[in-house]
Amino acid sequence: MEELQSTETLDREILEDARKKAQRILKTADETALTQTAEWEKKTAESIDELDKKYGEQRETAAENIMARLPIDKQRAKVEKIENMLNSASEAWYKGLEHGRVLELLSGELTKRLALCEEFSSASQKNAFISGFEKKDAEAVLKKAGVSCDIKEISTAGKYPSITLETGNVRIIASIQNIIDFLLQEKREELVEALMGRAFMEERSW
């Protein structure tokens, strides 16, 4: 009987000892987990702060770049608006011309250019290439400019009538586009003021 009690006592001691060890192990594990969690939370917070700082700096840089670019974008938009209005005005001007006036402008342009090129009149072979108007009209333009040569019709990307005279060494081009380009260059300020008004001109940022 005493031996049985002794065995039970020993079992209880072993179990109690095991329980205490288990509690110590669990306590240590809990402490380790808490420590690691605290360290992880600290690192996470530091990483978040670092990311916030990094992206904050990037946002500031982006905002500065946008603000710095605004005047340029505004000026570019204004220039684009002016160009569109000038082009629209040029097209409207051309559409309003009578047919005879178009031929008159071409012959006048051609005459001026021929006057600056004596070599063309002495050339033995001369050709005329036309685009945007009919052969009979080209004959009238050439006749008025004092030129007699073969005429050939060609296709070009231009939207306005043009005539090109060629020899072996010389090329002379007369076109409504050339006239428009000259006017847009020489009379640009006057044209912009007429289209946009004096208040726009006084800004003078274009």
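Please refer to the structure placed before this passage.
Heads up: these notes are all about the structure in this document. (Residues numbered from 1 in each chain as written. Predicted model: local features only at pLDDT ≥ 70, side-chain atom pairs only at ≥ 80, totals over all residues. Heavy atoms only, no water.)

## Considering the side chain of S131
Tracing the sequence through the fold places S131 in strand β1 (residues 127-131). Setting aside its immediate chain neighbours within four residues, S131 contacts I154, T156, Y160, P161 and S162. (Helix = DSSP H or I, 4+ residues; strand = E, 2+ residues; numbered from the N terminus. Contact = heavy atoms within 4.5 Å.)

## As for a nonpolar patch on the surface
There is a patch of nonpolar side chains on the surface, built from F182, L183 and L191 and spanning about 250 Å² of accessible area. Examined against the element boundaries, L191 turns out to sit in helix α6 (residues 188-196). (Patch = residues over 30% accessible without salt bridge, like charges linked within 9 Å, V, L, I, M, F, W, Y side chains within 5 Å. Areas by Shrake-Rupley, 256 points an atom, 1.4 Å probe, with all protein chains shown as cover. Salt bridge = Lys/Arg side-chain N within 4 Å of Asp/Glu carboxyl O.)

## A word on the environment of F129
Counting through the fold element by element, F129 comes out in strand β1. Here F129 falls in the buried class, since its relative accessible area comes to 18%. Along the primary structure F129 and I154 are separated by 25 residues, whereas in three dimensions their C-alpha atoms are 6.4 Å apart. Not counting residues up to four positions away in its chain, the partners in contact with F129 are K152, I154, S162, I163, T164 and E166. (Buried < 20%, exposed > 50% of the residue type's maximum accessible area, 1.4 Å probe, protein only.)

## Some thoughts on the pairing of strand β2 (residues 150-153)
Direction of pairing for β1 relative to β2: parallel, over a ladder of 4 bridges. Bridge pairing links N127 to D150 in β2. Tracing the backbone out of β1, into helix α4 (residues 135-144) and back to the parallel element β2 gives a crossover that is right-handed. (Pairing = 2+ DSSP bridges. Right-handed = clockwise from strand over helix to strand, strands pointing away.)

## A word on α4
Taken residue by residue, α4 has D137, A138, V141 and L142 as its buried positions. The buried residues of α4 occupy an angular sector of 135 degrees when projected down its axis, which confines them to one face. Exposed side chains of α4 directed beyond 90 degrees from the buried face belong to K136, K143 and K144. (Arc of directions from axis to C-beta.)

## A look at the packing of aromatic side chains
Following the criterion strictly, the structure yields 1 aromatic pair and no others. Both rings, one in Y94 and one in Y160, keep their centres 5.0 Å apart while their planes meet at 75 degrees; by these two values the pair is edge-to-face. Taken together, the positions of Y94 in helix α1 (residues 2-95) and Y160 in the loop between β2 and β3 (162-166) put the pair 66 residues apart, joining distant regions of the chain. Classification of Y160 by relative accessible area gives buried; the value is 9%. (Phe/Tyr/Trp six-rings, centres within 6.5 Å; stacked < 30°, edge-to-face > 60°.)

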